[in-house]
Amino acid sequence: MFVVGGLIVGAAAVGLAIASDFVQEQFHRFTGVWPYAPLIVTPLGFALTLYLTNRFFPNSGGSGIPQAIAARTTKDVAVRNSLVSLRIAFGKILLTLMGLMVGASTGREGPTVQVGASVMFALGRFSKRHQPGLILAGSAAGVAAAFNTPLAGIVFGIEEMSRSFEVRASGLVIGTIIAAGLTSLAFMGNYTYFGSSSSVMPFGFDWLAVVVCGVVGGLLGGLFSRLLILFAFGFPGRLGDWIKAHPVLFAASCGFLVAICGIISGGAVYGTGYDQARQVLHDQKDLSFFYAPLKFLATVLSSISGIPGGIFAPSLSVGAGIGADLAWLFPTTPIGALVLLGMVSYFSGVVQAPITAFVIVAEMTANHNLVVPLMLAALIAQASSKLVCKEGVYHALAKKFIPQPPSA
């Protein structure tokens, strides 16, 4: 069962990756000819995507990781069925692509987690196997297949999905990741997500960059999480009442502001941000100083709009921009090292899962020279993030999907 499930999850991850690249390429071609068209296309696309989400695929909005966490946590079978299912998986893939097609600053990795959890849960219903363990395995396999990072998939399953190590589920998780990874290898080859990086951190003054990146990335990551949680549980006052009463109009408003960010950035902040992060990591492109704040804002707007889409890749891209912006403070530090520190720090600040943060960045760049600096930056970022947001965004948002018992 876990072999079949892993193969399906791997195929879904590869398919979503290829389709995501295609729709983003088409959107960039479109905006290359009509750069101001997103002022109309993006708001309408956000509105339509959210309408379809709420009307036909409820609980498929946002990243999908909070839903997977909630499905694994809850003991209510009906709630679990509403959060992970083949119907949800189909809608998640379709609507994530729709968002990227109109310029949303979202990623595909979080949705792959919910798709993986849904596939394994569907198989588990036939076999009567331990359903929480299957959801955990599918989620971990989704991360592993999306980034071609099997170790990060295991760490993500332990640290973020379960926050513990379960002996009875460990074999299932590893087996599913192997099957998903083999499928990814068969279709995509043994690639490194961001390309191999050999950047090193010279010992001495340059290590101050670890602290600075950790603090800046952690605070901004915490701010991002705080904003998402605030809007997810209802913004206070009249604005919150209006958003609740007119979600589709609010999504359109977010889309319009994303379009403005895109026009100001010359189209750089649309989509996942993968190309920008990869190019600056390998010193192939100088990012504008305003890329990081504009990408941050576009990702916040895309996320609070409620449309399906992940925050993994956009967060790594924002982090890359932060590292590049801090280069003027550390002119002797290799730009690649600063970019990796920025990625780890910001991502750790968002999810408050430092082990997952440094493992996934180290593995997706095949860089083992910076393991210790990345570890330190991740821990500093987590501590800094907690000053702004007490809990990681995924677990905080998961509470929204679990019915709370009535207060006495």
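Each remark here, short or long, concerns the structure printed above.
The following paragraphs examine the structure supplied in this document. Just so it is clear, the model here is predicted, and its values are computed rather than measured.

**Examining the overall build of the chain**
Next, step 1: Along the chain, the regular secondary structure elements total 19 helices and 0 strands.
Next, step 2: Taking 22 Å as the expected radius of gyration for a compact globule of 408 residues, we find that the chain reaches 20 Å, a close match to that expectation.
Next, step 3: Along the longest, intermediate and shortest principal axes, the C-alpha atoms of the chain span 60 × 50 × 50 Å.
Next, step 4: Sorting the 408 residues of the chain into buried and exposed places 59% on the buried side.
Next, step 5: Pairs at least 24 apart in sequence give 82% of the contacts found in the chain among residues at least 6 apart.
Next, step 6: Surface summary for the chain: the accessible area is close to 16,300 Å², and the carbon and sulfur share equals 69%.
Next, step 7: Treating the 23 positive side-chain charges of the chain as one cloud and the 15 negative ones as another, the clouds have centres 14 Å apart.

**Topic: the state of the cysteines**
Next, step 1: A complete count under the given rule lists 0 disulfides for this structure.
Next, step 2: Looking at the unpaired cysteine 261, the closest cysteine sulfur is the one in cysteine 254, lying at 11 Å.

**Remarks on the layout of surface pockets**
Next, step 1: Put simply, the largest pocket is a space of about 860 Å³.
Next, step 2: When residues of the lining of the largest pocket are assigned to their parent elements, the largest contribution, 4 residues, is made by helix H11 (residues 237-245).
Next, step 3: For the lining of the largest pocket, the per-class residue count stands at 17 nonpolar, 17 polar and 3 charged.
Next, step 4: For the second largest pocket, the calculated volume is near 420 Å³.
Next, step 5: Around the second largest pocket sit 19 residues that line it, and Asp21, Gln24, Thr272, Tyr274 and Asp275 are the ones nearest its centre.
Next, step 6: When contributions to the lining of the second largest pocket are tallied by element, the ones reaching two or more residues are helix H1 (2-33) and helix H13 (274-281).
Next, step 7: With 6 residues, H1 is the largest single contributor of residues to the lining of the second largest pocket.
Next, step 8: Of the residues assigned to the lining of the second largest pocket, the class counts are 7 nonpolar, 7 polar and 5 charged.

**Some words on the environment of methionine 161**
Next, step 1: Mapped onto the elements, methionine 161 comes out in helix H8 (residues 150-162).
Next, step 2: Residue methionine 161 is classed as buried on the basis of its relative accessible area of 2%.
Next, step 3: Remark: the alpha-carbon pair of methionine 161 and valine 115, spanning 46 residues in sequence, is separated by 14 Å.
Next, step 4: Contact partners of methionine 161, with chain neighbours within four places excluded, come to Ile65, Ala68, Ile69, Arg72, Leu136, Ser139 and Phe156.

**Some thoughts on the packing of helix H10 (residues 208-232) against helix H16 (residues 335-351)**
Next, step 1: One can describe the packing of H10 onto H16 by two numbers: an axis separation of 7 Å at closest approach and a directional angle of 35°. Between H10 and H16 lies a crossing whose hand is right-handed. Taken together, the residues of H16 that come into contact with H10 (itself represented by Ala209, Val210, Cys213, Gly214, Gly217, Gly218, Leu220, Gly221, Gly222, Phe224 and Ser225) are Leu338, Leu341, Gly342, Ser345, Tyr346, Gly349 and Val350.

**Considerations on the pattern of salt bridges**
Next, step 1: Applying the stated criterion to the full structure yields 3 salt bridges.
Next, step 2: Arginine 108 is paired through a salt bridge with glutamate 109; the nearest N and O atoms lie 4.0 Å apart. Per residue, the accessibility class of arginine 108 equals that of glutamate 109, and both read buried.
Next, step 3: Across the pair lysine 399 and glutamate 391 runs a salt bridge, and its minimum N-O distance is 2.9 Å.
Next, step 4: Taking relative accessible area as the criterion, lysine 399 reaches 44% and is therefore assigned partly exposed.

**A word on helix H5 (residues 86-101)**
Next, step 1: For H5, which comprises 16 residues, the first-to-last C-alpha distance of 23 Å matches the rise-based estimate of 22 Å (1.5 Å per residue) to within 8%.
Next, step 2: For H5, every residue scored as buried is listed here: Ile88, Ala89, Gly91, Lys92, Leu95, Thr96, Leu97, Met98, Gly99 and Leu100.
Next, step 3: Where H5 terminates, the next one or two residues include glycine 103, which has phi positive at roughly 100°.

**Concerning the packing of aromatic side chains**
Next, step 1: Taken as a whole, this structure holds 14 aromatic pairs when the rule is applied.
Next, step 2: With centroids separated by 5.5 Å and ring planes inclined at 50°, the aromatic side chains of phenylalanine 30 and tryptophan 34 adopt a geometry described as tilted.
Next, step 3: Overall, phenylalanine 30 belongs to the partly exposed group, its relative accessible area being 28%.
Next, step 4: Aromatic side chains phenylalanine 205 and phenylalanine 330 sit 5.9 Å apart centroid to centroid with 45° between the ring planes, which places their arrangement in the tilted category. With phenylalanine 205 in the loop between helix H9 (167-188) and H10 and phenylalanine 330 in the loop between helix H15 (312-325) and H16, the pair connects residues that are 125 residues apart, well separated along the chain.
Next, step 5: A relative accessible area of 55% means that phenylalanine 205 is categorised as exposed.

Reading the values: rules and limits
- Residues numbered from 1 in each chain as written.
- Predicted model: local features only at pLDDT ≥ 70, side-chain atom pairs only at ≥ 80, totals over all residues.
- Heavy atoms only, no water.
- Helix = DSSP H or I, 4+ residues; strand = E, 2+ residues; numbered from the N terminus.
- Rg over C-alpha atoms; globule rule 2.2 N^0.38 Å.
- Buried < 20%, exposed > 50% of the residue type's maximum accessible area, 1.4 Å probe, protein only.
- Contact = heavy atoms within 4.5 Å.
- Areas by Shrake-Rupley, 256 points an atom, 1.4 Å probe, with all protein chains shown as cover.
- Lys, Arg positive; Asp, Glu negative; His and termini not counted.
- Charge placed at Lys NZ, Arg CZ, Asp CG, Glu CD.
- Disulfide = S-S within 2.5 Å.
- 1 Å grid on protein atoms, 1.4 Å probe; cavity = no way out; pocket = protein on both sides within 12 Å on 5 of 7 lines; lining within 4 Å.
- Points joined across faces, edges and corners; volume = space filled by probe spheres on them.
- Nonpolar A, V, L, I, M, F, W, Y, C, P; charged D, E, K, R; others polar.
- Axes fitted to C-alpha atoms, helices over the stretch in contact; angles between N-to-C directions.
- Left-handed = near helix turned anticlockwise from the far one by under 90°.
- Salt bridge = Lys/Arg side-chain N within 4 Å of Asp/Glu carboxyl O.
- Expected span 1.5 Å × (residues − 1).
- Phe/Tyr/Trp six-rings, centres within 6.5 Å; stacked < 30°, edge-to-face > 60°.

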